[in-house]
Amino acid sequence: GAVVSQHPSRVICKSGTSVKIECRSLDFQATTMFWYRQFPKKSLMLMATSNEGSKATYEQGVEKDKFLINHASLTLSTLTVTSAHPEDSSFYICSASGVWSTDTQYFGPGTRLTVL
Amino acid sequence: KQEVTQIPAALSVPEGENLVLNCSFTDSAIYNLQWFRQDPGKGLTSLLLIQSSQREQTSGRLNASLDKSSGRSTLYIAASQPGDSATYLCAVSSGSARQLTFGSGTQLTVLP
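This section reports on the structure supplied with the text. (Residues numbered from 1 in each chain as written. Chains lettered and ligands numbered in written order. Predicted model: local features only at pLDDT ≥ 70, side-chain atom pairs only at ≥ 80, totals over all residues. Heavy atoms only, no water.)

### Things to note about the overall build of chain A
What counts, and what does not: Each helix is a run of H or I in the DSSP string that is no shorter than four residues. Each strand is a run of E no shorter than two, and both are numbered from the N terminus. A radius of gyration in this sense is built from C-alpha atoms; the matching globule rule multiplies 2.2 Å by the number of residues raised to 0.38. Throughout this description, buried means an accessible area under 20% of the type-specific maximum (1.4 Å probe, protein chains only), exposed means over 50%, and partly exposed covers the range between. Whether two residues are in contact is decided by their heavy atoms: any pair within 4.5 Å suffices. Shrake-Rupley sampling with a 1.4 Å probe provides the accessible areas, and residues are treated as covered by the protein chains on show and by no other component.
Looking only at helices and strands, one finds 0 helices and 11 strands in chain A. Going residue by residue from the N terminus, the α and β elements of chain A occur as β-β-β-β-β-β-β-β-β-β-β. Taken over C-alpha atoms, the radius of gyration comes to 13 Å for chain A, in line with the 13 Å a tight globule of 116 residues would show. In terms of overall dimensions, chain A has C-alpha extents of about 40 × 25 × 25 Å along its principal axes. When burial is assessed residue by residue, chain A has 52% of its 116 residues classed as buried. Taking contacts inside chain A between residues at least 6 apart in sequence as the whole, the part at least 24 apart equals 56%. Per element, the accessible surface of chain A, about 5,800 Å² overall, is 53% carbon and sulfur.

Below is the structure:
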């Protein structure tokens, strides 16, 4: 149980375009979802925390207008990278926690974004 | 602000050796600490979770300890195997939103 999926697993796009990444909790209702970014050989950096039906809380230094997060249902959160630049190329990972255990986050497999 | 440090950054050992990975954190007011495994280009696999009230957790050849007062945790891997080669990440849950703060990881290579 407690499976989280991400789609797509890999995406390549041109500079200036927007890319949407989906994060789904497959077998549980996720009251909170988290979005992380990971640079090569670096650790995960929390970008934002989102609760279903409310606006996401962004970490300091993360542009909310560039990284749009929508948590429209208890099983789906989306991250849209708008007007992508090559420096946005990174590995994006989401996680979700359920109402029964707010202490535990279940992680998705990640999405590799490459902006040309 | 919570900060998590992992030492060493990289480790290479021959197969069969026992090894210890270290993790330290600056704010001892944590809810729990987790150890994850990450293979290249992949997501995270949770290995062990230690609640703040616990001292250790064991799973197979893995044993994780937690000393909350000193801000330290260790991951002990017994009888290492080439399949254990991966990056091991330590993360602590703290703050009002129970956010996870990750260390930068230890890249482990077990040589056959």
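Moving on, there is more to tell.
### Quick look at the state of the cysteines
To keep it simple, the criterion reads: Two cysteine sulfur atoms make up a disulfide if the distance between them is within 2.5 Å.
Here the structure, examined in full by the defined rule, presents 2 disulfides over all chains. Shown here is the disulfide that connects cysteine 23 of chain A with cysteine 94 of chain A, its sulfur atoms set 2.0 Å apart. With the S-S bond torsion at 80°, the cross-link from cysteine 23 of chain A to cysteine 94 of chain A turns out right-handed. Taken as a pair, cysteine 23 of chain A in strand β3 (residues 19-25) and cysteine 94 of chain A in strand β9 (residues 90-98) lie far apart in primary sequence, 71 residues in all. Among the residues examined, cysteine 23 of chain A registers a relative accessible area of 0% and is labelled buried. Shown here is the disulfide that connects cysteine 23 of chain B with cysteine 90 of chain B, its sulfur atoms set 1.9 Å apart.

### Quick word on the sheet that holds strand β7 (residues 62-67) of chain B
All names here are of chain B. Operational definition: For two strands to pair, DSSP has to find at least two bridges joining them. Here, axes are lines fitted to C-alpha atoms. For helices the fit covers the stretch in contact, and angles between N-to-C directions go from 0 to 180 degrees.
Taken together, the 5 strands give an open sheet; going across it, the order is β1-β3-β8-β7-β6, and neighbouring strands pair in antiparallel fashion. Each end of this open sheet is capped by a strand with a single partner; those strands are β1 (4-7) and β6 (56-59). Averaged over all pairs of adjacent strands, the angle between their axes in this sheet comes to 15°, without regard to strand direction. When β7 meets strand β8 (residues 72-77), the two strands line up antiparallel, connected through 6 bridges. Along β8, the bridge assignment pairs asparagine 63 with tyrosine 76.

### So, the pattern of salt bridges
Residues and elements named next belong to chain B. Basically, it comes down to this: Here, a salt bridge means any Lys or Arg side-chain nitrogen found within 4 Å of an Asp or Glu carboxyl oxygen.
Under the defined criterion, the tally for this structure stands at 4 salt bridges over all chains. In this structure, arginine 61 and aspartate 84 form a salt bridge, with 2.8 Å as the shortest nitrogen-oxygen distance. In this pair, arginine 61 is assigned in the loop between β6 and β7 and aspartate 84 in the loop between β8 and β9 (86-94), connecting sequence segments 23 residues apart.

### So, the interface of chain B and chain A
You'll often see interface size given as the accessible area lost when the parts meet. Stated precisely, the cut-off is as follows: Accessible area that two parts lose when put together, evaluated with a 1.4 Å probe and summed over both, is termed the buried area. Residues adjacent in sequence count toward polar contacts only when both atoms are side-chain atoms; beyond that, a polar contact is any pair of N or O atoms within 3.5 Å, and within protein one must be able to donate a hydrogen and the other to accept it. Basically, the charged four are Asp, Glu, Lys and Arg, the nonpolar ten are Ala, Val, Leu, Ile, Met, Phe, Trp, Tyr, Cys and Pro, and anything else, Gly included, counts as polar.
Each partner contributes to the interface: chain B provides 18 residues, whereas chain A provides 18 residues. In this assembly, chain B packs against chain A so that about 1,400 Å² is buried in total across both faces, 49% of it on carbon and sulfur atoms. Across the chain B-chain A interface, the total number found is 4 residue pairs in polar contact (both at pLDDT 80 or more). If you list the elements that add at least two residues to the side of chain B that touches chain A, you get β4 (30-38), β5 (44-51) and β10 (99-102) of chain B. Top contributing element to the side of chain B that touches chain A by residue count: β4 of chain B, with 4 residues. Here the residues of the side of chain B that touches chain A are counted per class, giving 8 nonpolar, 8 polar and 2 charged.

### Considering the nonpolar core
Put simply, the rule reads: Put simply, buried Ala, Val, Leu, Ile, Met, Phe, Trp, Tyr and Cys residues joined by side-chain atoms within 4.5 Å make one nonpolar core.
Counting 25 residues, the largest nonpolar core has Trp35, Tyr58, Phe67, Ile69, Leu79, Tyr92 and Leu113 of chain A as the members making the most contacts within it. At the level of elements, β2 (10-13), β3, β4 (30-38), β5 (44-51), β7 (67-73), β8 (76-81), β9 and β11 (111-115) of chain A are the ones that each hand at least two residues to this core. Ranked by size, the runner-up nonpolar core spans 23 residues in total, among them Val13, Leu33, Ala64 and Val110 of chain B.

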